[in-house]
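Coordinate inspection notes
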Amino acid sequence: MDKDEELRMTYSGLLLKDGEKMVRVCFERGKSGYAEGIVPRGEIVKSSGFTKEEIGQLTVYIQENATDIINKAKGVHFLNEWLGKK
């Protein structure tokens, strides 16, 4: 990825779907691209504007940082964030 391009990562709180605990991760690069992944599966499930190589790099990133992402997601409380409270 070009070092001059800003890449923003956001993530959900801890989610439960079909008995699986997971975190949804979104990578955004301006208006030129986005990619959505799932942790701890470590896979990118949707993307637009990223090359296959970049998707591979993002996949490796979420796989290698899954524990940290999950721990941070445990601190996200949707209603507090939505209401602007910490």
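Everything that follows concerns the structure shown earlier in this document.
Here the structure is a predicted model, which is why all the values come from computation and not from measurement.

Definitions and limits used
Residues numbered from 1 in each chain as written. Predicted model: local features only at pLDDT ≥ 70, side-chain atom pairs only at ≥ 80, totals over all residues. Heavy atoms only, no water. Buried < 20%, exposed > 50% of the residue type's maximum accessible area, 1.4 Å probe, protein only. Helix = DSSP H or I, 4+ residues; strand = E, 2+ residues; numbered from the N terminus. Pairing = 2+ DSSP bridges. Phe/Tyr/Trp six-rings, centres within 6.5 Å; stacked < 30°, edge-to-face > 60°.

Digging into the pairing of strand β4 (residues 33-39)
For β4, the tally of buried residues reaches 5 of 7 residues, placing the bulk of the element in the interior. Following strand β3 (residues 20-29), the chain reverses through 3 residues before pairing antiparallel with β4; G30 in that reversal takes a positive phi of roughly 50 degrees. Bridge count between β4 and strand β5 (residues 43-48): 5 bridges; the pairing is antiparallel. Paired with G37 across the two strands is I44, which belongs to β5. The loop that links β4 with its antiparallel partner β5 comprises 3 residues; one of these, G42, has a positive phi angle of about 70 degrees.

Concerning the packing of aromatic side chains
Using the criterion set out here, one finds 1 aromatic pair in the structure. Ring geometry for F27 and Y61: centres 6.2 Å apart, planes at 80 degrees, overall edge-to-face. A residue pair is termed long-range when its members are at least 10 positions apart, and F27 in strand β3 and Y61 in helix α1 (residues 52-64) qualify at 34 residues. For F27, a relative accessible area of 3% puts it in the buried group.

Note that all results are geometric; they support no functional claim without further evidence.
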